[in-house]
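Coordinate analysis (summary)
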Amino acid sequence: MLVPGMYLADRYEIIEKIGSGGMADVYKAKCHKLNRLVAIKVLKPEFSTDATFVKKFRVEAQSAAGLSHPNIVNVYDVGEESGIYYIVMELVQGITLKNYIDMKGKLEVREALNISIQIASGLSAAHQNRIIHRDVKPQNIIMSRDGKVKVTDFGIAKVADSTTVTTTAAGSVHYISPEQARGGYSDEKSDIYSLGITMYEMLTGKVPFDGETNVAVALLHIQGEMVPPRKLEPSIPRSFEKIILKCTQKKPDKRYASAKELIADLRRVLSNPDGEYVVLAGSVADASTMVISDQDMAAMRQARSASNNVRPSGTGGSQRPPQRSEAEQRRQEELRRQRAAEAARRKYEEENDEEDDDDDDSEVNPKLEKVMIGLGIVGAIILVIAVCFIIGKAVGLVGGTGSKDKDTQSGTVTESVTDTQTETQSETKMIGVVGLTKNDAEARLRAAGINATFEEKADDSEKGMVIGQDPVEGTMITSDTKVTVYYSSGKETFELGDYSKLTQSEAKNKLEINGLILGDVDYEYSDTIEEGCVTKTEPAAGTEVTKGDKIKIWLSKGKKVEMTSVPSIIGSTEDVAKSAIASAGLQYGGSTTEYSEDAQKGTVISFTVNGSAVSAGTQVEKGSTVKIVISAGSQYEGQTVSETVTLSNYLFDDDITSGEVVVKYNEEVVWSKSDCTNNDFPITFTLRDVYGTKGYCNIYLDGIPVGNIQVTFDGK
């Protein structure tokens, strides 16, 4: 087991364990050589001594290392160190498709189509490199933060080889193909089957087959009937349902021949969801009902009409048929040989399919089989009649150039051409232009003599690429048939909404609902938006965006707080105080006045910051409001006030036993007593004078001065 801080190959530093599978553990690591984060898959210790598992692990690395595609997780390196076998891969930041489905319940049709096309593109690249995944499931599909869908874990992938006949059934049983469940040969079509099951789950939120055991589920893949997805979710387009049903056919040869063909049909669903371009080989909607299209009926009537219009000339029904020319006989013989070879080939295929498909063949409804055989015979008859008609026309037995009566070795044949035949001769086969540029499509249609109307549609495809056509390729059309070709105008755009005041998780959920991706997150101060909520986005609200775009958001750090010191303004005049307040980055909130017996009139006697009293030097938030109080001077200014004077006997050196005490203020006696003793002290008396005056009380004992007391008339 690896632990954080360990190094592999002196290059890869292990950061943390991020996952675990059946055979290996996955670690997040840093490549110090290229300075990038990577994922390292390490074979579990219990398997590293098993030669079979080690070989399988190396096969995975060799298989995946040869792949390079936007929809496949890249493999960078492979190695072994001290018995530790590891693979270094691209680290994809995101979630698995399984987790995404669980989170949303089920996906919208367009989203499921986009994801399916990307998965199929990755598988197509692998198949072109002769690599089969064999374990396609939502757990092995990663949806990255930038909107890319990537196929990962080619853990049981094996390079396709013509000598490989069987492989061990592997992969998750809920997505396994019938041939894998039997332990039979698996190829590209096995991956297509598993992708079909994955698409089913994306659209319905559940897998089509489930059971109590893996064996029970595997048997359902081999023998069980799938509930059509539209029965669970009616909003699914019929064409999309048919694609899923075709991908999940029991017999591989009835599925899509390649992932490329599957991608073409998936793209058609985007432009023509109700089109009839998906062909289910040998399947019918109901076991007792065969639906024949109007086109097929027209072809049958046409062939029947052609055969009825070929009649030998003359009136006698017993007239001998005209003898065939040698050229005609050779053509007929060649036709018989071709039919015989085709019959032998079919018999050979049926005999070789018998052993592998016993279980599947037993599922075919006998009534349906009879219906199919009958229709096959009817088709063969129609084909023979049509070939005979063409050959007859070529050698001059039916219609053509020349006069109505033409001499031949067998006599005269009367030309008979019906209106139906005339219409058939003017028909042509619609060519396919899906996947071409608009200009190339126009040129090809002109060269084929087909007039078409071009319509622009929003689509995820490259701008100007043809994404659909009506009628589809192969349809027989006339000069009067309306042909419409749809080309992409680029991705559909819409206005980005307002995400302000949402939390980060709320914004992320809203972005995902709208098909957008949360990008980088930055922070800024805001005076109006609560901390932790979105202040703005990039691009801004109201900007045109497309699904899959990454949106950057800014989160509020709350109001930006800058601190400053309260200046010392006590005793300053109002003007000086205002200047000091502004210099400190504070707001002047005005002043009030109060009487003060101590402070000089017009000076600051106190202040508050945001309504609270603080002292000078206190740290407060910049921009806070400072209100000051100015001294209005004394309330007794110019008034006569009284002062109470208390006289103690401390002025006398000796205790007074008896004597005359006299107190004078401004030479006037204000208190006196002739037989004053210690018991009379302290002596209290009141003086009056003008506010602000200072004077002295002179004290006499038996006429002799013994001291004085200063009196200040300050109203206190």
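Coordinates for the structure precede this section.
Reference entry: report on the structure contained in this document. (Residues numbered from 1 in each chain as written. Predicted model: local features only at pLDDT ≥ 70, side-chain atom pairs only at ≥ 80, totals over all residues. Heavy atoms only, no water.)

Examining the environment of Val-534
Relative to the helices and strands, Val-534 resides in strand β21 (residues 534-538). Contact partners of Val-534, with chain neighbours within four places excluded, come to Tyr-499, Ser-500, Lys-501, Leu-502, Thr-503, Ala-507, Ile-529, Ile-553, Trp-554 and Leu-555. (Helix = DSSP H or I, 4+ residues; strand = E, 2+ residues; numbered from the N terminus. Contact = heavy atoms within 4.5 Å.)

Some thoughts on the pattern of salt bridges
Inspection of every chain in the model, using the stated rule, returns 15 salt bridges. For Lys-508, the salt bridge goes to Glu-512, with nearest N and O atoms at 2.8 Å. Linking Lys-508 with Glu-512, this pair stays in helix α17 (residues 504-513), spanning four residues, or about one helical turn. Linking Lys-552 and Asp-522 is a salt bridge whose minimum nitrogen-to-oxygen distance equals 3.8 Å. Of the two residues, Lys-552 sits in strand β23 (residues 550-556) while Asp-522 sits in strand β20 (residues 517-524), which places them 30 residues apart along the sequence. Residue classification places Lys-552 among the partly exposed residues on the basis of a relative accessible area of 22%. (Salt bridge = Lys/Arg side-chain N within 4 Å of Asp/Glu carboxyl O. Buried < 20%, exposed > 50% of the residue type's maximum accessible area, 1.4 Å probe, protein only.)

Topic: the environment of Asp-598
Inspection of the secondary structure puts Asp-598 in the loop between β25 (587-594) and β26 (604-609). For Asp-598, a relative accessible area of 66% puts it in the exposed group. Residues Asp-598 and Asp-714, 116 residues apart in the sequence, show an inter-C-alpha distance of 9.4 Å.

Some words on unusual backbone geometry
The step from Asp-470 to Pro-471 runs through a cis peptide bond, and the omega angle for that step is 5°. You can see Pro-471 is positioned in the loop between β16 (466-470) and β17 (476-477). Residue Glu-538 is joined to Pro-539 through a cis peptide bond whose omega torsion reads 5°. The topology assignment puts Pro-539 in the loop between β21 and β22 (544-546). The phi dihedral of Asn-666 is positive, around 55°, even though this residue is not glycine. By relative accessible area, which is 55% here, Asn-666 ends up exposed. Backbone geometry at Glu-667 places phi at a positive 65°, although glycine is not the residue there. Position of Glu-667 relative to the elements: it lies in the loop between β30 (659-665) and β31 (668-676). Of the residues examined, Glu-667 reaches a relative accessible area of 62% and is grouped as exposed.

Observations concerning the sheet that holds strand β15 (residues 453-457)
Spatial ordering of the open sheet is given by β15-β18-β16, a layout of three strands whose pairing is mixed. Strands with a single pairing partner mark the edges of an open sheet, and in this sheet they are β15 and β16. Direction aside, the axes of adjacent strands within the sheet are offset by 25° on average. Where β16 lies against strand β18 (residues 484-488), four bridges are found, and the strand directions are antiparallel. Across the sheet, the residue bridging to Gln-469 is Val-485, located in β18. Strands β15, β16 and β18 of the sheet are contacted by helix α16 (residues 438-447), whose axis makes an angle of about 160° with β15. (Pairing = 2+ DSSP bridges. Axes fitted to C-alpha atoms, helices over the stretch in contact; angles between N-to-C directions.)

What to know about the layout of surface pockets
The computed volume of the second largest pocket comes to approximately 1,100 Å³. Lining of the second largest pocket is provided by 40 residues; of these, Asn-114, Gly-147, Gly-515, Ile-517 and Gly-548 occupy positions nearest its centre. Where the lining of the second largest pocket is concerned, the elements lending two or more residues are β7 (94-96), α3 (97-104), α4 (109-128), β9 (141-144), α10 (259-271), α17 and β20. With eight residues, the single largest contributor to the lining of the second largest pocket is α4. (1 Å grid on protein atoms, 1.4 Å probe; cavity = no way out; pocket = protein on both sides within 12 Å on 5 of 7 lines; lining within 4 Å. Points joined across faces, edges and corners; volume = space filled by probe spheres on them.)

Take it as geometry only, folks, not as evidence of what the structure does.
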